[in-house]
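Chain by chain, the residues:
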Amino acid sequence: MLGFTLSKLNLLILVTAMFAIISFFLFSLTDIVVSDLAQQLVNDYSETVFGLVSGELLCRKSTATVPQSIEYFGGLMPSQRFYYVMYLKRYPPDFEPDKLNMLIFQIASRKEMDKIIATSSVDLNARIYLYEWNTETDTITEQSSITIDPESPGIATKNSMVFIKEVYKGKSYLHIIACSSSAAICERNLDWVSCWVSKCPDDKRQSTCFPFPEDCGTRVPTC
């Protein structure tokens, strides 16, 4: 009887140990798969920006909508979803003339927003402007970093960005505007940036790369 009980106990210990090993393996595999997919995503955006800025045209525009989540483990198994935020940062934060500027893309878990799982950067011979959009106050400010959050609260989901390459008096600029894929918000935020460009930088201008709204006289962008 005692031997039977011990054999059952040993079997239970073996099954528990195997379950722990398999669970650890699956969690580790999940992290690897998600990081891999996230890395592909930021690499794609880096390549898009590099192609945009290095082209010969004086004005170029591209719009990107980021997926709501990263799907993994499809096929025979039900797809799983990883929810995330994407950070765009410029380095150095403050513009330094005659130096290359770096644009950095990062993806982090939405549950742990300081946990970066993928990073890609691109050096650009252009001044970088980043326009953050607050979806709760519906305000836009030019900052050294912006966050794209496909699950953001507020008036609309902040899941899109507009890239604009501009050449003015021989100098290159890259404008990146946070916006939404819904309700023509990207076009509206683009109008706001056009007003900002005409009022706030040292070289204020009405750029041919932006539509110029007739009501810029009544708009007061935060410089």
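Owing to the predicted nature of the structure, the values given are computational and were not obtained by experimental measurement.

Once that is clear, we can look at helix α2 (residues 185-199). Relative to the 21 Å expected for 15 residues at 1.5 Å per residue, α2 spans 21 Å between its end C-alpha atoms, a close match to the ideal helical length. Of all 15 residues that make up α2, eleven are buried, and the element is covered over most of its length. For α2, the set of buried residues is I185, C186, N189, L190, W192, V193, S194, C195, W196, V197 and S198. Among the structural elements, β1 (59-65), β7 (127-134), β8 (139-143), β10 (160-168) and β11 (171-179) are those in contact with the buried residues of α2.

On to the sheet that holds β7. Pairing in this open sheet of five strands is mixed, and the strands run β1-β10-β11-β7-β8 from one edge to the other. The sheet is open, and its two borders are formed by β1 and β8, each paired with just one other strand. Taken pair by pair, the neighbouring strands of this sheet meet at an average axis angle of 20 degrees, ignoring direction. Alignment of β10 against β11, held across nine bridges, turns out to be antiparallel. Across the sheet, the residue bridging to K165 is L174, located in β11.

Here the focus is the pattern of salt bridges. With the rule as written, the count across this model stands at eight salt bridges. Here K99 makes a salt bridge to E96, at a shortest N to O gap of 2.9 Å. Look at K99 and you get exposed, because its relative accessible area is 51%. Residues R205 and E166 are paired through a salt bridge, measuring 2.9 Å at the closest nitrogen-oxygen approach. Residue R205 is located in the segment after α2, and its partner E166 is located in strand β10; the two are separated by 39 residues in the primary sequence. Accessibility classification places R205 together with E166 in one group, the buried group. Each of the salt bridges in this network shares a partner with another, and the network as a whole consists of E166, D203 and R205.

Generally speaking, a soluble globular protein has its nonpolar side chains buried in company with each other. Counting residues in each nonpolar core, the largest one holds 53 residues, and the members touching the most others are M86, L103 and M161. Examining the composition of this core, we find that eight residues originate from one element, helix α1 (residues 2-54), more than from any other. Ignoring anything within four residues of it in the chain, the contact list for M161 reads Y45, S62, T63, A64, V66, M86, L88, I148, I176, I177 and C179.

Before going further, it helps to spend a moment on the confidence of the model for the chain. Do not read the fine detail of predicted coordinates wherever pLDDT is low. Within the chain, residue pLDDT values average 84, and 81% of them lie at 70 or more. Counting contacts from residues 1-6, a segment whose pLDDT is below 50, to residues more than four positions away or on other chains yields zero contacts. Contacts of residues 8-28 to residues separated by more than four positions or lying in other chains number zero contacts, the stretch itself having pLDDT below 50.

Turning next to the sheet that holds strand β4 (residues 84-91). Strands pair in a sheet through their backbones, by hydrogen bonds, and they do so in one of two ways: parallel or antiparallel. With antiparallel pairing, the four strands of this open sheet are ordered in space as β6-β5-β4-β9. The two strands at the open ends of the sheet, each matched to only one other strand, are β6 (116-124) and β9 (145-148). For this sheet, the mean inter-axis angle between neighbouring strands, taken without regard to orientation, is 15 degrees. Sheet topology note: the β4/β9 ladder contains four bridges and is antiparallel. Bridge assignment links M86 to a residue of β9, and that residue is I148.

Next up on the list: the packing of aromatic side chains. Throughout the structure, instances matching the rule amount to five aromatic pairs. Arranged with centres 6.0 Å apart and planes meeting at 25 degrees, the rings of Y45 and F105 form a pair that is stacked. One end of the pair, Y45, is in helix α1; the other, F105, is in strand β5 (residues 101-109), with 60 residues separating them in the sequence. Here the aromatic rings of Y131 and W196 are separated by 5.4 Å at their centres, their planes lie at 80 degrees, and the arrangement is edge-to-face. Of this pair, Y131 sits in strand β7 while W196 sits in helix α2, placing them 65 residues apart in sequence. Across this residue pair, the class does not change: Y131 and W196 are buried. Of note, R205 hangs over the ring of Y168, and the distance from its end group to the ring centre comes to 4.9 Å. The ring of Y173 has R205 sitting right over it, with the charged end atom 4.6 Å from the ring centre.

Parameters and conventions
Residues numbered from 1 in each chain as written. Predicted model: local features only at pLDDT ≥ 70, side-chain atom pairs only at ≥ 80, totals over all residues. Heavy atoms only, no water. Helix = DSSP H or I, 4+ residues; strand = E, 2+ residues; numbered from the N terminus. Expected span 1.5 Å × (residues − 1). Buried < 20%, exposed > 50% of the residue type's maximum accessible area, 1.4 Å probe, protein only. Contact = heavy atoms within 4.5 Å. Pairing = 2+ DSSP bridges. Axes fitted to C-alpha atoms, helices over the stretch in contact; angles between N-to-C directions. Salt bridge = Lys/Arg side-chain N within 4 Å of Asp/Glu carboxyl O. Core = buried A, V, L, I, M, F, W, Y, C linked by side-chain atoms within 4.5 Å. pLDDT = per-residue confidence, 0-100. Phe/Tyr/Trp six-rings, centres within 6.5 Å; stacked < 30°, edge-to-face > 60°. Lys NZ or Arg CZ within 6 Å of the ring centre and 35° of its normal.

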